[in-house]
Amino acid sequence: MNAIEYRRNNENKIQWFTIAAVLFYHIMAIGAFFTFSWQNLTVALISWWIIGSFGVGLGYHRLLTHKGFKAPKWLEYTMTFLGTLGMQAGAITWVTTHRLHHSFTDSDTDPHSATKGIWWSHIGWIFKGAAQQNDDATHRKYSPDLMKDKVHVFLNKYYTVPTVILAVIFFVIGGMPMVFWGIFLRTVWAWHCTWFVNSLTHVFGSRRFETGEDSRNNAFVALVTWGEGWHNNHHANAVSARHGLTWYEVDINWMTLKVMEAMGLVSQIKEHSIEQTATKTLRNAA
């Protein structure tokens, strides 16, 4: 069964477990508002940055999905491990979903197509349909590189375990208040930040490039996702690890990559200017 058939066969399936898990996290996050401390806030902010930037933005997205730079395996696995702490599915599932998004952007096969409404593209898509419940055949087709790697397969299968371990550590250090902040509130906030890329950046913002779909550059989304909100730039040239193409398009993830490059941790960063991206966009359109 191919990806299109799989999604059509599951388009009316209600993901009850996902609904329950998301609802549980939102309810538990409320506890943070009754247990404020500067220590808990610091833990939430630092973990949001490390997991959201190094794990999801750089690891899951720019490295594993688009191969925007090279990293040694130990660093690749570390960034993937950090990505699992975002509770946005394992890397193989996440990457497969995002590659499907790029292959079928704003069409019926796009997992979170904005043409179905902002609610659907933001959160509805994980509650109904195939969501991120991709089958092995879809994984093998869209993420064959990761499916050949036993470490990635293992991390994808047990992606919830690191969060359980981190929750225990936070509990030992700061009790339930730190768990409320460092696990539940941080995760819920980061979820919505990531989902803003799926929803807001396909509805609100500016368009520098004509990409054949509705991707847009959105400064607010870029701010809360460490640079992932320059979405029109990204769709115009997905392999580029640089999303913010001007001085005012602040891209923290790209800046972080440049620092890591200077430290000798990463190499072969794919950086494309406005002119190079425009040329690539015109060539693809032709």
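Data block above holds the structure.
Right, let's walk through the structure included here. Model, not experiment: these values are computed from the prediction.

Regarding the packing of helix H3 (residues 38–65) against helix H13 (residues 252–262)
- As a packed pair, H3 and H13 sit with axes 11 Å apart at the nearest point and diverge in direction by 85°. By the angle class used here, H3 and H13 are roughly perpendicular. Between H3, through Ser53, Phe54, Gly57, Leu58 and Arg62, and H13, the contact on the second element is made entirely by Asn253, Trp254, Thr256, Leu257 and Met260.
- The residue inventory of the contact of H3 with H13, partitioned by class, reads 5 nonpolar, 4 polar and 1 charged.

A short note on the pattern of salt bridges
- Enumeration over the complete set of coordinates arrives at 10 salt bridges.
- Note that arginine 99 and aspartate 145 form a salt bridge whose closest N and O atoms lie 3.1 Å from each other. Separated by 46 residues along the polypeptide, arginine 99 in helix H5 (residues 91–103) and aspartate 145 in helix H8 (residues 144–147) bring together distant segments of the chain.
- Note on arginine 99: relative accessible area 15%, which makes it buried.
- For the salt bridge of glutamate 210 with arginine 207, the shortest nitrogen-to-oxygen distance reads 3.3 Å.
- Judged by its relative accessible area of 57%, glutamate 210 is exposed.
- Salt bridges linked by common partners bring Arg62, Glu228 and Asp251 together as one network.

Considerations on the packing of aromatic side chains
- With the rule as written, the count across this model stands at 14 aromatic pairs.
- Ring centres of tyrosine 25 and phenylalanine 184 lie 4.9 Å apart, and the angle between their planes is 65°; on these two criteria the pair is classed as edge-to-face. Here the residue tyrosine 25 occupies a position in helix H2 (residues 16–29), and phenylalanine 184 occupies one in helix H10 (residues 161–199), the gap between them amounting to 159 residues. Like phenylalanine 184, tyrosine 25 is buried.
- When the ring of tryptophan 49 is compared with that of phenylalanine 54, the centres are 5.5 Å apart and the planes differ by 70°; the resulting orientation is edge-to-face.
- Put simply, the rings of Phe24, Tyr25, Phe184, Trp191 and Trp195 touch in pairs and so form one group of aromatic residues.

Some words on the packing of H5 against helix H9 (residues 150–157)
- In the contact formed by H5 and H9, the axes pass within 7 Å of each other and the chain directions differ by 95°. In this view, H5 runs roughly perpendicular relative to H9, as classed from their interaxial angle. Taking contact as the criterion, the partners of Ala91, Ile92 and Thr93 in H5 are, on H9, His152, Val153 and Asn156.
- Residue composition of the contact of H5 with H9, by class: 3 nonpolar, 3 polar and no charged.

Considerations on the side chain of histidine 66
- As for its position among the elements, histidine 66 is in the loop between H3 and helix H4 (73–84).
- The buried category is assigned to histidine 66, whose relative accessible area is 11%.
- Polar contacts involving the side chain of histidine 66 include one to the side chain of histidine 234, which spans 3.2 Å.

Criteria and cut-off values
Residues numbered from 1 in each chain as written. Predicted model: local features only at pLDDT ≥ 70, side-chain atom pairs only at ≥ 80, totals over all residues. Heavy atoms only, no water. Axes fitted to C-alpha atoms, helices over the stretch in contact; angles between N-to-C directions. Helix = DSSP H or I, 4+ residues; strand = E, 2+ residues; numbered from the N terminus. Parallel < 35°, antiparallel > 145°, perpendicular 65-115°, else oblique. Contact = heavy atoms within 4.5 Å. Nonpolar A, V, L, I, M, F, W, Y, C, P; charged D, E, K, R; others polar. Salt bridge = Lys/Arg side-chain N within 4 Å of Asp/Glu carboxyl O. Buried < 20%, exposed > 50% of the residue type's maximum accessible area, 1.4 Å probe, protein only. Phe/Tyr/Trp six-rings, centres within 6.5 Å; stacked < 30°, edge-to-face > 60°. Polar contact = N/O pair within 3.5 Å; in protein donor to acceptor, adjacent residues only side chain to side chain.

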